[in-house]
Amino acid sequence: MSDKRICVEQTLTQLTKETELCTQAVLFKIDSKGDWFYLEEPLPSKFARLFSSILYQIDGEYFLITPAEKLKVEVVDHPLVIVDYQRCNEVGIDVVTSLGIMHKTSGIQDFDIKDEEITLTLERECTAKLGRACYYRFINEFILVDN
């Protein structure tokens, strides 16, 4: 990543973290399946994809943040669910979320592997968990070793 891009990202991150909350009310919720809701109504996936691009985790809480606005988001488990992945080279792994967004990883070391779940920290400190099918596929492909 270029020095200019790093500087721009750091400046934007600082601006967004300092943005004041618009309201204390929680208007958005993401359930344990990664489904988004606005005022308790399902949010169309095209809007969820858009809002996911401004979703931040700060000190364990989630917010939608622009330079002018900041809203709390209630996240039941993890805001993103990984529904597919594939190796993109010798070590890298590309993952796809339930919102249809692809994220690149540098490899298996990026994943937090626990008995009950496998997670990945993505941009803006947002976390994603492997969906059930991906979880078992990941275990078979990367964790289980033939003796």
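Our structure's up above, just so we're on the same page.
Quick summary incoming for the structure in this document. Computed from a prediction, not measured in an experiment: that's the story for all the values here.

We now examine the nonpolar core. W36, L55, V73, F111 and L130 are the most contacted members of the largest nonpolar core, which totals 29 residues. Residue assignment for this core shows that the elements contributing at least two residues are β1 (28-30), β5 (61-65), β6 (70-75), β7 (80-87), β8 (93-97), β11 (118-121), β12 (127-130) and α3 (132-143). In terms of residue count, the dominant contributor to this core is α3 (5 residues).

This part covers the pairing of strand β4 (residues 55-58). Looking at chain direction, β4 and β5 are connected through 4 bridges and run antiparallel. Residue pairing in the sheet places Q57 in a bridge with Y62 of β5. Counted between consecutive antiparallel strands, the loop separating β4 from β5 contains 2 residues, among which D59 sits at a positive phi close to 50°.

So, about the sheet that holds strand β10 (residues 111-113). Across the sheet, 6 strands lie side by side as β9-β8-β7-β12-β11-β10; this open sheet has mixed pairing. Looking along the sheet, the strands with just one partner apiece sit at the ends: β9 (102-105) and β10. Adjacent strand axes in the sheet meet at a mean angle of 35°, parallel and antiparallel pairs treated alike. Direction of pairing for β7 relative to β12: parallel, over a ladder of 3 bridges. By the bridge assignment, I82 is partnered in β12 with L130. Packing against the sheet, α3 makes contact with β7, β8, β10, β11 and β12, and its axis sits at approximately 35° to β7.

How each quantity is defined
Residues numbered from 1 in each chain as written. Predicted model: local features only at pLDDT ≥ 70, side-chain atom pairs only at ≥ 80, totals over all residues. Heavy atoms only, no water. Core = buried A, V, L, I, M, F, W, Y, C linked by side-chain atoms within 4.5 Å. Buried < 20%, exposed > 50% of the residue type's maximum accessible area, 1.4 Å probe, protein only. Helix = DSSP H or I, 4+ residues; strand = E, 2+ residues; numbered from the N terminus. Pairing = 2+ DSSP bridges. Axes fitted to C-alpha atoms, helices over the stretch in contact; angles between N-to-C directions. Contact = heavy atoms within 4.5 Å.

Any functional reading would require information that these geometric values do not contain.
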